[in-house]
Amino acid sequence: MPQEIYLVKVGMNMTEGIVEEWCIADGERVEKGDLLYRLETEKVNLDVDAEATGIVRHIVAEGVTMKPGDVVGYIYEPGEAIPDILPKAGGAAAAVETPSADAGAAAAAATVPMSKNGRQFSSPAARRLARELNVEIATVNGTGPGGRVVEADVQAASAARPEPAKPPASSPMARKLARELGVDLAGIQGTGPGGRITKEDVEQAASAPAAPEFAPAEDRTVPVRAMRRTIATRMHDSLQTSAQLTMDMDVNMDDAVKLRTQLIDEWKDEGLRPTYTDLVIRACAKALAKHPNMNSVYGETEITLRGDINVGMAVALEEGLIVPVIRHADRLTMKQLVQQSARLAGAARDGTLTPDDLHDGTFTVSALGMFGVDSFTPIINAPQAGILGVNRIRDGVAWEGATPRKTQEMRLSLTWDHRVLDGAPAALFLGAVRDLLEAPYRLLV
């Protein structure tokens, strides 16, 4: 009997998904444990491995929306007769041409471990190591099951990289003149002793005719995948269905900076490194307990004040923004919160989040400070009532009488739903967050 291939259910809240890509072609042989297909859900992608060895037959094409548990294909045992008529998803039957052995061999020879949208199949550990070693994983040859890139492949690629080219030798006068004239020394062929770039070489390069004009580059189209489509729909709906306003407030971060430095030193043996966003999430959790209207949902006839305080933390990925949730953030200690934050951020970047990690947030914190942003307007993650934007820490000035004193400041950007609460209570909530960050010992109690 053939082994059924199911659309895997990940998380209690998953209602649909698609086979984003079959990694084993129809009619190809698969070994148990090999990468079989890539599952795409509304927010999470997942690599699914084969549970048996045999010949794979597809009954669902890539990109078709199915329910969890639906049969999407079969694995026939080696030597088992494969019928010409295979059941379709939903129970009907259709004639399917069975590829010959020669055709299957040719397909296997032509198969490369690269998705059609350019993404390399790789293990989460390999992707994490590639980021640490600054290796472009799409260029790595995979030696794992089904051509998947594993950690050893990344290490080999890192070791094989050539040493960076040394800048061309040049005289001090040539370097000075190049800076003044805006000339790139890397593009100059030196005529001095041993190929050294001289002042005359720079002058000649500066007087060279301008680069020729080029024809317009060809446009590219990028398919809108499930995550980007979901983000676009939800952000547009959020703006259309709520009354959103944003206010900013500056925070003196002198003591918060000191506390973070002390906590990093305190927890270094455990590998914990708290971020400024962690401090803000902790401050929000404590402030939400005292300002429950900000932790609520607007309904047609009532406003629901949520009992739990579950703070979402926005994480930027190449595919888009994802918001894993720190549950019961008000009940966690500072250390427990940092542990949860690090786990969720790592899982988001490694692609190992489950739908349950993204469910039931009651307030969101979004940080752009690491990109040098001073202020922005975050959009509410509906149906929540508020979202707090975290900006960069910058130099500020405080006055002690007539004497200026350098400080470290950060601006917080709060967007809230005016249907739920007005400007004054929103400002009181934001002020409570500020007060906690300015007296950060209160975050530890």
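Everything below is about the structure shown above.
Residues numbered from 1 in each chain as written. Predicted model: local features only at pLDDT ≥ 70, side-chain atom pairs only at ≥ 80, totals over all residues. Heavy atoms only, no water.

*Asks:* Help me understand the overall build of the chain in this model?
*Replies:* Of the regular secondary structure elements, the chain holds 10 helices and 20 strands. Looking at the chain residue by residue over its 445 residues, the buried ones come to 42%. Residue pairs in contact within the chain that sit at least 24 positions apart in sequence constitute 60% of those at least 6 positions apart. Of the roughly 24,200 Å² of accessible surface on the chain, a fraction of 53% belongs to carbon and sulfur atoms. (Helix = DSSP H or I, 4+ residues; strand = E, 2+ residues; numbered from the N terminus. Buried < 20%, exposed > 50% of the residue type's maximum accessible area, 1.4 Å probe, protein only. Contact = heavy atoms within 4.5 Å. Areas by Shrake-Rupley, 256 points an atom, 1.4 Å probe, with all protein chains shown as cover.)

*Asks:* It is not clear to me how the sheet that holds strand β18 (residues 363-367) should be interpreted in this structure. Could you clarify?
*Replies:* Spatial strand order, β11-β20-β19-β18-β14-β17: 6 strands in an open sheet with mixed pairing. Only two strands of the sheet have a single neighbouring strand rather than two, namely β11 (244-252) and β17 (325-326). Bridge count for β11 against strand β20 (residues 403-417) is 9 bridges, and the pairing is antiparallel. Paired with D250 across the two strands is R411, which belongs to β20. Contacting β11, β19 (386-400) and β20, helix α7 (residues 254-266) crosses the sheet at an angle of about 90° to β20. Set on the sheet, helix α8 (residues 276-290) makes contact with β14 (311-313), β17, β18, β19 and β20; between it and β18 the angle comes to about 155°. (Pairing = 2+ DSSP bridges. Axes fitted to C-alpha atoms, helices over the stretch in contact; angles between N-to-C directions.)

*Asks:* Explain the pattern of salt bridges to me, please; I cannot follow it from the model alone.
*Replies:* One side chain can pair with another of opposite charge once the charged atoms of both are near each other. Considering all chains together, one arrives at 20 salt bridges under this definition. Linking E180 and K176 is a salt bridge whose minimum nitrogen-to-oxygen distance equals 2.5 Å. Taken together, the residues span about one helical turn, with E180 and K176 both in helix α4 (residues 172-181) at a distance of 4 residues. With relative accessibility at 51%, the residue E180 sits in the exposed group. Across the pair D435 and R434 runs a salt bridge whose closest N-O atoms are separated by 3.1 Å. (Salt bridge = Lys/Arg side-chain N within 4 Å of Asp/Glu carboxyl O.)

*Asks:* Please clarify how the packing of α8 against helix α9 (residues 334-350) should be interpreted in this entry.
*Replies:* Angle between the axes and distance between the axes: these two values describe a pair of packed helices. Running from N to C, α8 and α9 point in directions that differ by 120°, and their axes come no closer than 10 Å. Taken together, the axes of α8 and α9 are oblique relative to one another. You can see that α8 and α9 cross each other, and the crossing is right-handed. Facing D278, L279, I281 and R282 of α8, the residues of α9 in contact are M334, L337, V338 and S341. Tallied by class, residues from the contact of α8 with α9 come to 5 nonpolar, 1 polar and 2 charged. (Parallel < 35°, antiparallel > 145°, perpendicular 65-115°, else oblique. Left-handed = near helix turned anticlockwise from the far one by under 90°. Nonpolar A, V, L, I, M, F, W, Y, C, P; charged D, E, K, R; others polar.)

*Asks:* I'm lost on the sheet that holds strand β4 (residues 35-40) in this one. Help?
*Replies:* To summarise the sheet geometry, strands pair through backbone hydrogen bonds and adopt either a parallel or an antiparallel arrangement. One open sheet holds the 4 strands; their spatial order is β5-β4-β2-β7, and the pairing between them is antiparallel. This sheet does not close on itself; its edge strands, each paired only once, are β5 (45-49) and β7 (65-66). Here strand β2 (residues 17-22) pairs with β7 via 2 bridges, running antiparallel. Directly across from G17, in β7, lies its bridge partner M66.

*Asks:* What am I meant to see in α8 here?
*Replies:* Helical periodicity: at 3.6 residues per turn, an α-helix aligns residues three or four positions apart in one direction. In this model α8 runs 22 Å from its N-terminal to its C-terminal C-alpha over 15 residues, within 8% of the 21 Å that 1.5 Å per residue would give. By the criterion of burial, α8 is predominantly enclosed, with 11 of the 15 residues buried. For α8, the complete set of buried residues consists of T277, D278, L279, V280, I281, R282, A283, C284, A285, A287 and L288. (Expected span 1.5 Å × (residues − 1).)

*Asks:* Would you mind going over the nonpolar core with me for this structure?
*Replies:* Soluble, globular proteins show a tendency: their nonpolar side chains are buried together. Ranked by internal contacts, the top residues of the largest apolar core, which has 60 residues, are M294, F363, L388, L414, V433 and L437. Setting aside anything within four residues of it in sequence, one finds L388 in contact with V280, C284, F363, T364, V365, S366, L412, S413, L414, L430 and V433. One finds L7, V10, V56 and I59 within the second-largest nonpolar core, a separate group that totals 24 residues. (Core = buried A, V, L, I, M, F, W, Y, C linked by side-chain atoms within 4.5 Å.)

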